[in-house]
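# A structural walkthrough
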Amino acid sequence: MGASTVTAHYTSTPDAAWLLIGDFDGIASVFKGVEDVVIGDGTRMFTLMGMRITERLVSRDDDAKALTYSIVDGVPGIESHEATIRVSPHEGGCEVAWSVTTVPAEAEPLFADSYAQALKGLHQSLDAT
């Protein structure tokens, strides 16, 4: 199993960041390039980089500002995937941490890099609030 966490800091308050990050249905606002989002019964299906991906909401904790989800279909070669996005206070704003575990372990760097890029893209939204 591969596991890693990427983080970024923003000037946004944790509450303002959670409004964006904690919206499972709002994946297109967090991840650039997401298209054709379909929501239903605890899942979201969308197109990203030519793949039709289905993810399942595992848990959402508003008090802890944490959302966990799992890819259930659409990424070839992935036996298991679970990711958690967590928002916490940080000096001058907030920190967003995005953790992932994968099987096979070799898939972890792909996800960690994608999540790091998504966090970079959030500066425009979360440093403006």
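Residues numbered from 1 in each chain as written. Predicted model: local features only at pLDDT ≥ 70, side-chain atom pairs only at ≥ 80, totals over all residues. Heavy atoms only, no water.

### Thoughts on the packing of aromatic side chains
- Summed over the entire model, instances satisfying the criterion amount to four aromatic pairs.
- The interplanar angle of 5° and the centroid separation of 4.3 Å between the aromatic rings of Trp98 and Tyr115 together place this pair among those described as stacked. Here Trp98 is found in strand β7 (residues 93–103), whereas its partner Tyr115 is found in helix α3 (residues 108–121), with 17 residues between them in sequence.
- Since its relative accessible area comes to 2%, Trp98 is described here as buried. (Phe/Tyr/Trp six-rings, centres within 6.5 Å; stacked < 30°, edge-to-face > 60°. Helix = DSSP H or I, 4+ residues; strand = E, 2+ residues; numbered from the N terminus. Buried < 20%, exposed > 50% of the residue type's maximum accessible area, 1.4 Å probe, protein only.)

### Re the sheet that holds strand β6 (residues 80–90)
- Read from one edge of the open sheet, seven strands run β1-β7-β6-β5-β4-β3-β2, paired in antiparallel fashion. Either end of the sheet is taken by a strand with one partner, and the two such strands are β1 (2–10) and β2 (35–40). Here the average twist between neighbouring strands, direction ignored, is 20°.
- Note that strand β4 (residues 51–61) and strand β5 (residues 66–73) share seven bridges and pair antiparallel. Paired with Arg56 across the strands is Ser70, a residue of β5. (Pairing = 2+ DSSP bridges. Axes fitted to C-alpha atoms, helices over the stretch in contact; angles between N-to-C directions.)

### A closer look at the pairing of β4
- Pairing of strand β3 (residues 43–48) with β4, which is carried by six bridges, proceeds in the antiparallel orientation. Across the sheet, the residue bridging to Arg44 is Glu55, located in β4.
- Taking the residues between adjacent antiparallel strands as the criterion, β4 and β5 are bridged by four residues, where Lys65 takes a positive phi near 55°.

### Things to note about α3
- For α3, which comprises 14 residues, the first-to-last C-alpha distance of 20 Å matches the rise-based estimate of 20 Å (1.5 Å per residue) to within 8%.
- When α3 is considered as a whole, its buried residues turn out to be Glu108, Phe111, Ala112, Ser114, Tyr115, Ala118 and Leu119. The arc enclosing the buried residues of α3, seen along the axis, measures out at 165°, which places them on a common side. Set apart from the buried face of α3 by more than 90 degrees, the exposed residues are Leu110 and Lys120. (Expected span 1.5 Å × (residues − 1). Arc of directions from axis to C-beta.)

### A look at the pairing of β2
- Of the pairings in the sheet, the one linking β2 to β3 comprises four bridges and is antiparallel in character. Residue pairing for β3: Ile39 is matched across the bridge by Arg44.
- Where β2 hands over to β3, the hairpin turn is made up of two residues, of which Asp41 adopts a positive phi near 50°.

### Considerations on empty space enclosed by the protein
- Applying the stated rule across the entire model yields two cavities of 30 Å³ or more.
- There is about 190 Å³ of room inside the largest cavity.
- What lines the largest cavity is a set of 16 residues, among which Phe31, Leu48, Ile53, Phe111 and Ser114 lie closest to the centre.
- Of all elements in the fold, only β3, β4, β5 and α3 reach the threshold of two or more residues within the lining of the largest cavity.
- Residue contributions to the lining of the largest cavity peak at four residues, all from α3.
- Looking at the lining of the largest cavity residue by residue, the class counts come to 14 nonpolar, one polar and one charged.
- In this model, the second largest cavity occupies a volume close to 60 Å³.
- Every residue lining the second largest cavity is listed: Ile21, Asp23, Phe24, Gly26, Ile27, Val30, Arg44, Leu67, Tyr69, Ile85 and Trp98.
- Broken down by secondary-structure element, the contributors of at least two residues to the lining of the second largest cavity are α2 (27–30) and β5. (1 Å grid on protein atoms, 1.4 Å probe; cavity = no way out; pocket = protein on both sides within 12 Å on 5 of 7 lines; lining within 4 Å. Points joined across faces, edges and corners; volume = space filled by probe spheres on them. Nonpolar A, V, L, I, M, F, W, Y, C, P; charged D, E, K, R; others polar.)

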